[in-house]
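# Residue-level structural notes
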Amino acid sequence: MDEAIRQQLIISGVGGQGVLFVTRLLAEAAINRGLAVFTSETHGMAQRGGTVLSHLKVGDFASPLIRPAQAHGLLVLKAENLAQHGAFLKDGGWVIVNGESDIKNHHRMPLDAVDADTLAQEIGNPKAVNLIVLGFALAMAEKKGQNRNTLLFSSAEIQTVLESRLGKKKEMLKASLKALEAGYNA
C-alpha cells in the first residue's frame, strides 16, 4: 500500500442525487489500488431533498470526518451547497461544482463548473448528475495532471468499478458509462 497517498474529499448534494453512490465508487477505486479508505456521511432529511454530505478519506487517517479547511477537494452536486460546505476546503484545494460557468463570479475559491443538470437532460438521464460531475472532475484531474491537487483516480478506474457494480444490469451500466463520458467530455 502506498502510504504517501493521502486525500480528503467532500461530496455534497441533496437527497436523490447519488452522493453516496459517487462516494462508494471512489472508495472502491481506492480499495482496488490497495489504499486505506474511510467514508462517513450525514443525511439531513435526504428523502425530502435535504442536504447529503459525504466525507471520503484515502490514505493513512485515524478518523472518518474531515475538519474545516482540510479537504483537498469538493465535489458539489448542487451549487447552493457550495456556500454551506466551502469551509471544508483547504488553501490550494479544488472544487468541481454543478452549475453554470458564471458561478465562478460569485465565489472566492478556485472552481471548475459544469452544467450537469442540462447535460443530464440532453442525454435523457436526469438522474445522472452525479456521474456527470464525477466525469468532469476526472477530466479536470487528467488535464491538470494527477497529483494531490486533483482527484486521485482515472476515468478507467471508475469505469472498472462501475462495471463491477453494475455488470449484470446492462442498461443501467450503459447509461452510467454514458453519463460519466458526458461529464468527461464537457
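Here, the structure is the one placed above.
Rules and cut-offs
- Residues numbered from 1 in each chain as written.
- Predicted model: local features only at pLDDT ≥ 70, side-chain atom pairs only at ≥ 80, totals over all residues.
- Heavy atoms only, no water.
- Helix = DSSP H or I, 4+ residues; strand = E, 2+ residues; numbered from the N terminus.
- Rg over C-alpha atoms; globule rule 2.2 N^0.38 Å.
- Buried < 20%, exposed > 50% of the residue type's maximum accessible area, 1.4 Å probe, protein only.
- Contact = heavy atoms within 4.5 Å.
- Areas by Shrake-Rupley, 256 points an atom, 1.4 Å probe, with all protein chains shown as cover.
- Lys, Arg positive; Asp, Glu negative; His and termini not counted.
- Charge placed at Lys NZ, Arg CZ, Asp CG, Glu CD.
- Core = buried A, V, L, I, M, F, W, Y, C linked by side-chain atoms within 4.5 Å.
- Pairing = 2+ DSSP bridges.
- Axes fitted to C-alpha atoms, helices over the stretch in contact; angles between N-to-C directions.

## Observations concerning the overall build of the chain
- When you go through the chain residue by residue, the secondary structure sums to six helices and six strands.
- In sequence order, the secondary structure elements of the chain are arranged as β-α-β-β-β-α-β-β-α-α-α-α.
- The C-alpha atoms of the chain give a radius of gyration of 15 Å, which matches the 16 Å a tight globule of 186 residues would have.
- Each of the three principal axes of the chain carries a C-alpha extent, and together these read 40 × 40 × 35 Å.
- Counting across all 186 residues of the chain, residues that qualify as buried make up 48%.
- Long-range contacts, defined as pairs at least 24 residues apart, comprise 56% of the intrachain contacts of the chain with a sequence gap of at least 6.
- Carbon and sulfur atoms provide 50% of the accessible area of the chain, an area that totals close to 9,300 Å².
- Once the 20 positive and 18 negative side-chain charges of the chain are each reduced to a mean point, those two points are 5 Å apart.

## Re the nonpolar core
- Counting 44 residues, the largest nonpolar core has L26, L75, L134, L151, F153 and I158 as its most contacted members.
- Within the residue set of this core, elements represented by two or more residues are β1 (7–14), α1 (19–32), β3 (51–58), β5 (89–98), α3 (116–122), α4 (129–144), α5 (155–166) and α6 (170–184).
- In terms of nonpolar packing, the next biggest core, distinct from the first, is built from 14 residues, I10, I66, L82 and V95 among them.

## Focus: unusual backbone geometry
- The phi angle at A69 is positive, at roughly 65 degrees, despite the residue not being glycine.
- Turning to its location among the elements, A69 is positioned in the loop between β3 and β4 (71–76).
- Assessed through its relative accessible area of 38%, A69 is described here as partly exposed.

## Things to note about the sheet that holds strand β6 (residues 112–114)
- Read from one edge to the other, the open sheet built from six strands follows the order β2-β3-β1-β4-β5-β6, with strand pairing classed as mixed. The open sheet has two edge strands with one neighbour each: β2 (37–43) and β6. Pairs of neighbouring strands in the sheet enclose a mean axial angle of 15 degrees, with direction left out of account.
- Contacts from α1 reach β1, β2, β3 and β4 within the one sheet, and its direction differs from that of β3 by about 5 degrees.
- Across the sheet, α4 is in contact with β4, β5 and β6; its angle to β6 comes to roughly 140 degrees.

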